[in-house]
Amino acid sequence: MALANIVVHLDSSPRCAVRVALAVKLARREGARLTGLFAEVASAHRVGVVATWPSEDYVAAASTARTQFEGATPALGARARFIDVNRGGEQEILARATDIVRAFDLVILGQTDPAGRAPIDLPEQLVTESGRPVLVVPSAGSYEDLGHRPLFAWHRSRGAARALHDALPLVAPGADGLVVEAGPAGEATDEFAELVIADLAAHGVGARFQNVVVEDVRLMDTLLNQAADHAADLLAIGAFDGSGFAFLGRGSGTRYVLRHMTLPVLFSH
């Protein structure tokens, strides 16, 4: 299914422009609608014990974000729109943003910046609770396009299968893909690997299957290294999916990639 409705997170960070540019590229490529969702932590204006919301600072930040978003989306015309989450507390933002993004085909976020104004837990919250595929853009680097050299992290699990198929609308026609099955020593290669490659071929994606043996603690580093070796521009991974890896059962692998990503990553849960 083609992407028809994309939402990108907006805030006051300098990196916002990078993910908006990528979101616009994808929206133009797919003929999709693009919504900019402004959300960042802010305090209410207080005079003594009386609090007034929204504060002048918040209104100014939201207005600036809207102006910048509209300046980046003229080619989309009526297919672009702006939404203000209109909340300043972390928990309020997380709850409201989660409800909003459930109505979209794809969510685009930036990697967490501890010094930024976005809630620290925003990526994890939206990955686990929105029910939508979430594309996270790294906090460093330039990403004008993606999907030409995808890497699909594979394992015999529900999460990996869903991630591969959630990523297909992002994959460019004629892409050169790589499916990497990384697992403990002694674990047999997926006997149905040829069916995975055939499925990608049916979608116009040429891909090869590669099995990599890793020690437990090196699994996610191995995937990122394989992505670098493949010159991948997109990594698709089943988030919080520890099937076959007891040490990943509580999401440590997903959180590791969220902290150390070196390319755009599609998380599917």
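Residues numbered from 1 in each chain as written. Predicted model: local features only at pLDDT ≥ 70, side-chain atom pairs only at ≥ 80, totals over all residues. Heavy atoms only, no water.

Student: Before we go on, may I ask you to explain the packing of aromatic side chains in this structure?
Tutor: Any aromatic ring pair is given by two values, namely how distant the centres are and how the planes are angled relative to each other. Taken as a whole and assessed by the stated rule, the structure comprises two aromatic pairs. Plain terms: the ring middles of Trp53 and Tyr58 are 4.7 Å apart, the flat faces sit at 45° to each other, and that makes the pair tilted. Put simply, the rings of Phe38, Trp53 and Tyr58 pair up and form one aromatic cluster. (Phe/Tyr/Trp six-rings, centres within 6.5 Å; stacked < 30°, edge-to-face > 60°.)

Student: Help me understand the sheet that holds strand S11 (residues 234–238), please; the structure alone is not making it clear to me.
Tutor: Each strand in a sheet pairs with its neighbour through backbone hydrogen bonds, running either in the same direction (parallel) or in the opposite one (antiparallel). With mixed pairing, the ten strands of this open sheet are ordered in space as S5-S2-S1-S6-S7-S12-S11-S8-S9-S10. Single-partner strands in this sheet number two, and they are strand S5 (80–84) and strand S10 (206–213). For this sheet, the mean inter-axis angle between neighbouring strands, taken without regard to orientation, is 20°. Pairing between strand S1 (residues 5–10) and strand S2 (residues 33–38): six bridges, direction parallel. Note on S2: the bridge partner recorded for Asn5 is Arg33. Here helix H6 (residues 193–202) sits on the sheet in contact with strand S8 (150–154), strand S9 (176–183) and S10, set at roughly 150° to S10. (Pairing = 2+ DSSP bridges. Helix = DSSP H or I, 4+ residues; strand = E, 2+ residues; numbered from the N terminus. Axes fitted to C-alpha atoms, helices over the stretch in contact; angles between N-to-C directions. Contact = heavy atoms within 4.5 Å.)

Student: Can you walk me through the pairing of strand S6 (residues 106–110) in this structure?
Tutor: Across a regular strand the side chains alternate sides, sitting on one face of the sheet and then on the other. The buried count for S6 comes to five of five residues, which makes it a mostly enclosed element. Side chains Leu106, Ile108 and Gly110 project from S6 onto one buried face, and the interleaved Val107 and Leu109 project onto a second face that is buried too. With three bridges connecting them, S1 and S6 associate as parallel partners. Residue pairing in the sheet places Val7 in a bridge with Val107 of S6. (Buried < 20%, exposed > 50% of the residue type's maximum accessible area, 1.4 Å probe, protein only.)

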